[in-house]
Every structure is written in structure tokens, then in C-alpha cells.
Amino acid sequence: MPGPLDVFRDNALAGHVALITGGGTGICRGIAAAYARLGADVCIVSRKQDVLDIAAKELSAQTGRTVIGIAADVRDPEAITRAIAATVERFGKLDTLVNGAAGNFLAPAAALSPNGFKTVIDIDLNGTFNASRAAFEHLSKTGDSLILNISATLHYHGTPLQVHASAAKAGVDAVTKNLAVEWGRFKIRVCGIAPGPIAETEGMKRLAPGELTDKMTAGIPAARFGTIDEIAAAAVYLRSPAAAYVTGHVLVVDGGHCVATPALGMSFS
Ligand SMILES: NC(=O)c1ccc[n+]([C@@H]2O[C@H](COP(=O)([O-])OP(=O)(O)OC[C@H]3O[C@@H](n4cnc5c(N)ncnc54)[C@H](OP(=O)(O)O)[C@@H]3O)[C@@H](O)[C@H]2O)c1
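Each value, and the rule that gives it
Residues numbered from 1 in each chain as written. Predicted model: local features only at pLDDT ≥ 70, side-chain atom pairs only at ≥ 80, totals over all residues. Helix = DSSP H or I, 4+ residues; strand = E, 2+ residues; numbered from the N terminus. Rg over C-alpha atoms; globule rule 2.2 N^0.38 Å. Buried ≥ 20, exposed ≤ 12 C-beta atoms within 10 Å, placed from the backbone. Contact = placed C-beta atoms within 7 Å. Axes fitted to C-alpha atoms, helices over the stretch in contact; angles between N-to-C directions. Left-handed = near helix turned anticlockwise from the far one by under 90°. Nonpolar A, V, L, I, M, F, W, Y, C, P; charged D, E, K, R; others polar. Near = placed C-beta within 6 Å. Pairing = 2+ DSSP bridges. Right-handed = clockwise from strand over helix to strand, strands pointing away.

## Quick look at the overall build of the protein
Reasoning step 1: Scanning the protein from terminus to terminus reveals 8 helices and 7 strands.
Reasoning step 2: In terms of C-alpha radius of gyration, the protein reaches 18 Å, essentially the compact-globule figure of 18 Å for 269 residues.
Reasoning step 3: With the principal axes as the frame, the protein shows a C-alpha extent of 55 × 50 × 40 Å.
Reasoning step 4: Split into buried and exposed, the 269 residues of the protein put 43% on the buried side.
Reasoning step 5: When contacts within the protein are restricted to residue pairs at least 6 apart in sequence, those whose partners lie at least 24 apart make up 73%.

## Looking at the environment of Phe225
Reasoning step 1: Inspection of the secondary structure puts Phe225 in the loop between helix H7 (210–218) and helix H8 (228–239).
Reasoning step 2: Residues Phe225 and Ala199 lie 26 residues apart in sequence; the distance between their C-alpha atoms is 5.5 Å.
Reasoning step 3: Not counting chain neighbours up to four residues away, the residues in contact with Phe225 comprise Pro197, Ile198, Ala199, Met204 and Thr217.

## Quick look at unusual backbone geometry
If a residue is not glycine, its phi is most likely negative; likewise, a peptide bond is most likely trans.
Reasoning step 1: Phi at Leu161 is positive, roughly 70°, even though this residue is not glycine.
Reasoning step 2: With respect to the element layout, Leu161 can be found in the loop between strand E5 (145–150) and helix H5 (163–183).
Reasoning step 3: We classify Leu161 as partly exposed; it has 16 C-beta atoms within 10 Å.
Reasoning step 4: Its identity is not glycine, yet Glu200 carries a phi of approximately 55°, on the positive side.
Reasoning step 5: Note on Glu200: 12 C-beta atoms within 10 Å, which makes it exposed.

## Structural notes on the packing of helix H3 (residues 77–91) against helix H4 (residues 114–139)
Reasoning step 1: Where H3 contacts H4, the axes come no closer than 9 Å and their chain directions differ by 35°. The two elements H3 and H4 meet at a crossing, and its hand is right-handed. Residues Pro77, Ile80, Thr81, Ile84 and Val88 of H3 pack against Asn130, Ala131, Ala134, Ala135 and His138 of H4.
Reasoning step 2: The residue makeup of the contact of H3 with H4, split by class, is 7 nonpolar, 3 polar and no charged.

## Considering the site of the ligand
Reasoning step 1: Around the ligand lies a shell of 30 residues, among which Gly22, Gly26, Ser46, Arg47 and Gly203 are the nearest.
Reasoning step 2: Of all the elements in the fold, those that place two or more residues in the shell around the ligand are helix H1 (26–37), H4 and helix H6 (202–207).
Reasoning step 3: Its residues assigned to classes, the shell around the ligand shows 13 nonpolar, 12 polar and 5 charged.

## Description of the sheet that holds strand E3 (residues 67–71)
Reasoning step 1: Read from one edge of the open sheet, 7 strands run E3-E2-E1-E4-E5-E6-E7, paired in parallel fashion. Looking along the sheet, the strands with just one partner apiece sit at the ends: E3 and strand E7 (250–253). Across this sheet, the average inter-strand angle for adjacent strands is 20°, counted without regard to direction.
Reasoning step 2: Strand contacts of helix H2 (residues 49–63): strand E2 (41–46) and E3, with the helix running at about 170° to E3, the strand carrying the most contacts.

## Here's the deal with the pairing of strand E4 (residues 96–99)
Reasoning step 1: Burial along E4 is two-sided: the residues Thr96 and Val98 and Leu97 and Asn99 are all buried.
Reasoning step 2: Of the pairings in the sheet, the one linking strand E1 (residues 17–21) to E4 comprises 4 bridges and is parallel in character. Bridged to Ile20 within E4 is Val98.
Reasoning step 3: Bridge count for E4 against E5 is 4 bridges, and the pairing is parallel. Each residue of the ladder has a partner; that of Val98, found in E5, is Leu148.
Reasoning step 4: With H4 bridging E4 and the parallel E5, this β-α-β connection has right-handed handedness.

## Some thoughts on the environment of Leu13
Reasoning step 1: Along the chain, the position of Leu13 falls in the segment before E1.
Reasoning step 2: Once the C-alpha coordinates of Leu13 and Ile121 are considered, the two residues, 108 residues apart in sequence, prove to be 32 Å apart.
Reasoning step 3: Contact partners of Leu13, with chain neighbours within four places excluded, come to Tyr35, Leu38, Gly39, Ala40 and Arg239.

Functional significance is not addressed by these values, which are geometric in nature.
Shown next, in the form of C-alpha cells:
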């Protein structure tokens, strides 16, 4: 059985340059690995230079492409602007920006401090805008650019203990649609991916620790968590010519989780 990334042609992204926030770990490291495996040069960005250095070295060794890591906090518009400028300086252009940097934790709304709420909005939502705004000038020169925003499905319903992340990701989806409308004429497509629960990620370690995994799996029609490669494959599709007419769209990759009504204990076959 081929893996999710095996269907793509070798070197499908040759000559491409991508910058991926949050690309040192988890899902966005998987997107960085997939893009580099298919021939792209990649800059991964997050706050911790040591994590980025290790990831960049490993990804370069695995793929033979140039992968660099530049530390920047997406909450700081000047820092992310510098990171994007350094990427363009190094590679000569920027084709794709993936906004994946995010923070999250479980907290009842009544106990969540205003600062906790603000921090998640600052990283997920403001960070997405800051990086997109800083990348605009470079992306608009390329003639075939993509901004890919990683959101979630939390805000499709009310999700307990997630008012901060739900509000932030709802905002991210709004940014996706608005920038798609404003920047289409600059040949910049703006899309999103809304992952469901993805195995072996920091997100799921924090939000669905061991004992909750079985309960959550029971509510997923695919009867399992997704994989990092399944999200990376969606990111490759959205970057590919196959998606040239797709913009303003958020692709849900969640095994059917968000369309399933809780079965109220009924069993069916
Ligand atoms: N895991 C899931 O099942 C799931 C489900 C739905 C949506 N998602 C979304 O998918 C993305 C990746 O999630 P993940 O679970 O793979 O999480 P993760 O490994 O914790 O990735 C988050 C990344 O964001 C970076 N980051 C955090 N704050 C930052 C800041 N202020 N500036 C720059 N970088 C920052 C972190 O690196 P530093 O600490 O070095 O800054 C880290 O690399 C997120 O957008 C998440 O909301 C995940």
C-alpha cells in the first residue's frame, strides 16, 4: 500500500522555495519534509533556534535539499519580516508561506486568564497575519504563490476548554478567505488545512492524553487519528498545479470527525 506522499511525482516541487512557521516540529515539520522531499528548498521558522537547527540538519540529510532554520516569534512583525527577508536573500525568492505556528492548552473559559486568551490569539491569528503581510511583497513577485494557513475544526462547533484556540482558528479561516479575495489578482492563492486529531503530535499529547484517545477515536468515522503524512499530502496537493484554481478554501482532513453527530451510544453497522 503506497503512503500518502508516494503518489506525487519526484521533483514535483523542484525550484520551489517555501517558508514554514512552526516547521521545526509536528505537523509542519512533516509539511517541510514533504516539500523538501519533492524538491523544494525550505526555511523553517519558530522561536527555538536549537530545535530548528536539529530539524533543518535532519531534513537536509533526508532529502538532499537545502533546509535552513531561522528563529523568529511570529507575534513580532519585525522579527518575522526579517526571517522572510533572510529567506529571500538566501534562495532568491519565496513561492509558498505556510502559517503553522500555534500555541494551545486546555482551559475552562471561566478560569482562563485574559492573558492566556490573548497569547493564543497573538500566536495563531496575529502571527498568521504578520507573516502573510510580511511575505506579500515577495509572494506577489513570483506569479504563482500560495499562503497555506493551518487551522483546525474546533470552531465548527463549541469545543469545551478551547475558547481561545477556537476563536483564534476561526479568525485564521477568516484571514484565509479575505486574503484570497484581496490577493488573487497578485497571483497569490490563499488556502487552509483544518486537521482533525493527528497522531504523534504535541497538539494531541496536550489535548488528548492517553486515556482520552479511545474516547476520541470512537467519534471519528475513520476510526483512527490521522497521520502527519496525511496532512503533508494535503499541503502538497494545495501547492501543486492540480489546485491552481483552488483559493479561499479550507480543506478539512479529519477522517470525518467534524461531520459526525455523536452517536448517542447507538451502535450501527
Ligand atoms: N496536532 C493536531 O492534532 C492538530 C489538530 C488541528 C490543528 N492543528 C494545528 O496544526 C499545527 C501544528 O500542530 P502540532 O500539534 O504539530 O504542534 P507543535 O508541534 O506544537 O507545533 C507548533 C509550532 O509552533 C511554534 N511556535 C509556537 N509559538 C510560536 C511563536 N510565537 N512564534 C513562532 N513559532 C511558534 C513551535 O515552536 P517553538 O516552540 O520553537 O516556537 C512549534 O514548532 C498548529 O497550527 C495546530 O493548531 C494540530
